[in-house]
Amino acid sequence: MKTVRRLGGWTVSGIVVLLTVYPPNRLTAQDYRARAVAILKTVPLIDGHNDIPDAIRTRGGLDSVDFAVNQPKLMSDIPKLRAGAVGAQFWAAYVPVTTIHGGEHPAVYALEQIDLVHRLCRKYPQALAMAVSAADIERNFKAGKISCLIGIEGGHAIENSLGALRMFYQLGVRYMTLTHWETIDWADAATDSAKHNGLTPFGEDVVREMNRLGMLVDLSHVSDATMVGAIRVSRAPVFFSHSSARALCNHVRNVPDSILTMVKANGGVVMVNFNPGFVSEAVRVNEDSMAARSKALRAAGVDTAAIADSVKVWTARGPKATLQQAADHIEHIRDVAGIDHVGLGSDFDGITEVPVGLEDVSKFPNLIAELLRRGWNEEDIRKVAGLNALRVLRAAERVAMEMRKSKR
């Protein structure tokens, strides 16, 4: 009797026939995309950062936007999320740094953003469901619903209060970005002057309390010294909700290789950002040039509206980031930190420009298709799509349980 080996339901002879009829180099873009969509039916695609709460807020609030139908001026809505096979989305409760200086309360702004996410999920229960754990994401995925998770963008939201941090956790917040664009009282930002050489003692207490709660420590936006300090202090894996690789695009918001190796040792994950200025070095250089020219025009007394018009023209004429470059960042982080430490953190609806091919949330399968075209196997793609983020969530939950038991 002849023995026939089987691989994943296919006989070896069947695979040979398939490759003979459809050799890999003959596969079309549609073939790769179809395969990508099929893979995303087996694992929840988890996006680490989307700014739709503030995008909706600036358009008049939840009653002004019908999220159930196509919204041409937004990068996200339910039809696009479905088309993009998104399984879980961290919605950013973004808190502008202007709230620190303008007499506002950052905590109130954060609460309003959190409230909007909860109301969004309640308004569209057929498609969306809240999630606060890895188990919730998996349960919602099996039920055909998109999980809504919350991450606070900006540690100034807690107003230097661990009590506020604890209450945000009770409201469903599962990560907090330690800083935004500006250095705060207890942590240095990547895009501002360093005042603390990373974290202050209180900043270290914030990280420890986040560990105890089970809230992911998000290191996007922070300085290199803050990254190092947080990784040193954290007992749980750290999380970069929307950052890319600095070796490919020399922006301070991206993660250098030296810290990628630390992320590997820590067990964390870097969710690749699609912001063109973080993806393409040519775009970054052009943006820096535009910023310098804008500054010179302001100094010369040129009208703000005229400067804005000029920036639009310069942007239109400048270089473009591409989906392929985003894939390059994924591969670079994989090569340096390992396949278990890279994911997706689009920054959709928080960016004004997008890479060609990654225009909105419906395009996620195109990125997965590009990885398939490059020869990636399905197991590794599942890790990038969602399994790595799920692992980090579970690890944070486990560390929190251990710390609570030991009361430390």
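The structure reproduced in this document is the subject of the present report. (Residues numbered from 1 in each chain as written. Predicted model: local features only at pLDDT ≥ 70, side-chain atom pairs only at ≥ 80, totals over all residues. Heavy atoms only, no water.)

### Some thoughts on the nonpolar core
Looking at soluble globular proteins, one finds that nonpolar side chains tend to be buried together.
Turning to step 1, where the next piece is worked out: The biggest cluster of nonpolar side chains holds 93 residues, and the ones touching the most others in it are Phe67, Leu128, Met176, Leu178 and Leu219.
Turning to step 2, where the next piece is worked out: Looking at this core element by element, the count peaks at eight residues for helix H6 (residues 106-123).
Turning to step 3, where the next piece is worked out: One finds Val269, Met271, Leu390 and Val392 within the second-largest nonpolar core, a separate group that totals 17 residues. (Core = buried A, V, L, I, M, F, W, Y, C linked by side-chain atoms within 4.5 Å. Buried < 20%, exposed > 50% of the residue type's maximum accessible area, 1.4 Å probe, protein only. Helix = DSSP H or I, 4+ residues; strand = E, 2+ residues; numbered from the N terminus.)

### Describing the packing of aromatic side chains
Turning to step 1, where the next piece is worked out: Using the criterion set out here, one finds nine aromatic pairs in the structure.
Turning to step 2, where the next piece is worked out: Relative to tyrosine 124, the ring of phenylalanine 67 lies with its centre 6.3 Å away and its plane at 50°, an arrangement referred to as tilted. Of the two residues, phenylalanine 67 is situated in the loop between helix H3 (52-58) and helix H4 (78-83) and tyrosine 124 in the loop between H6 and strand S5 (128-130); the sequence distance between them amounts to 57 residues.
Turning to step 3, where the next piece is worked out: Looking at phenylalanine 67, the relative accessible area reads 0%, which means it is buried.
Turning to step 4, where the next piece is worked out: Using a relative accessible area of 9% as the deciding quantity, one classes tyrosine 124 as buried.
Turning to step 5, where the next piece is worked out: With a centroid separation of 5.5 Å and an interplanar angle of 75°, the aromatic rings of phenylalanine 274 and phenylalanine 348 are classed as edge-to-face. Pair noted here: phenylalanine 274 is in the loop between strand S10 (269-272) and helix H12 (276-279) and phenylalanine 348 is in the loop between strand S11 (342-344) and helix H16 (364-373), with a separation of 74 residues, a long-range link.
Turning to step 6, where the next piece is worked out: A relative accessible area of 0% places phenylalanine 274 in the buried class.
Turning to step 7, where the next piece is worked out: An aromatic cluster is present here, built from Phe67, Trp91 and Tyr124 joined pairwise through their rings. (Phe/Tyr/Trp six-rings, centres within 6.5 Å; stacked < 30°, edge-to-face > 60°.)

### What about the packing of helix H7 (residues 134-142) against helix H17 (residues 378-406)?
Relative placement of two packed helices is described by the angle separating their axes and the distance separating the axes.
Turning to step 1, where the next piece is worked out: Across the interface, H7 lies against H17 with an axial gap of 8 Å and an inter-helix angle of 140°. As far as their axial angle goes, H17 and H7 are oblique. On H17, the residues touching Ala134, Ile137 and Glu138 of H7 are Leu390, Leu393, Arg394 and Glu397.
Turning to step 2, where the next piece is worked out: Along the lines of polarity and charge, the residues of the contact of H7 with H17 split into four nonpolar, no polar and three charged. (Axes fitted to C-alpha atoms, helices over the stretch in contact; angles between N-to-C directions. Parallel < 35°, antiparallel > 145°, perpendicular 65-115°, else oblique. Contact = heavy atoms within 4.5 Å. Nonpolar A, V, L, I, M, F, W, Y, C, P; charged D, E, K, R; others polar.)

### Some words on unusual backbone geometry
Turning to step 1, where the next piece is worked out: Although it is not a glycine, asparagine 160 sits at a positive phi angle of roughly 60°.
Turning to step 2, where the next piece is worked out: Counting through the fold element by element, asparagine 160 comes out in the loop between strand S6 (146-153) and helix H8 (162-170).
Turning to step 3, where the next piece is worked out: The class for asparagine 160 is partly exposed, based on a relative accessible area of 40%.
Turning to step 4, where the next piece is worked out: Despite not being glycine, aspartate 349 has its phi angle at roughly 65°, a positive value.
Turning to step 5, where the next piece is worked out: Looking at the secondary structure, you find aspartate 349 in the loop between S11 and H16.

### A look at the packing of helix H10 (residues 224-233) against helix H11 (residues 257-266)
Turning to step 1, where the next piece is worked out: Between H10 and H11, whose axes approach to 11 Å, the crossing angle comes to 20°. Here H10 is positioned roughly parallel relative to H11, judged by the angle of their axes. The two elements H10 and H11 cross, and the hand of that crossing is left-handed. Within the contact between the two elements, H10 uses Asp224, Met227, Val228 and Ile231 and H11 uses Ile259, Met262, Val263 and Asn266. (Left-handed = near helix turned anticlockwise from the far one by under 90°.)

These figures come from the coordinates and say nothing about function on their own.
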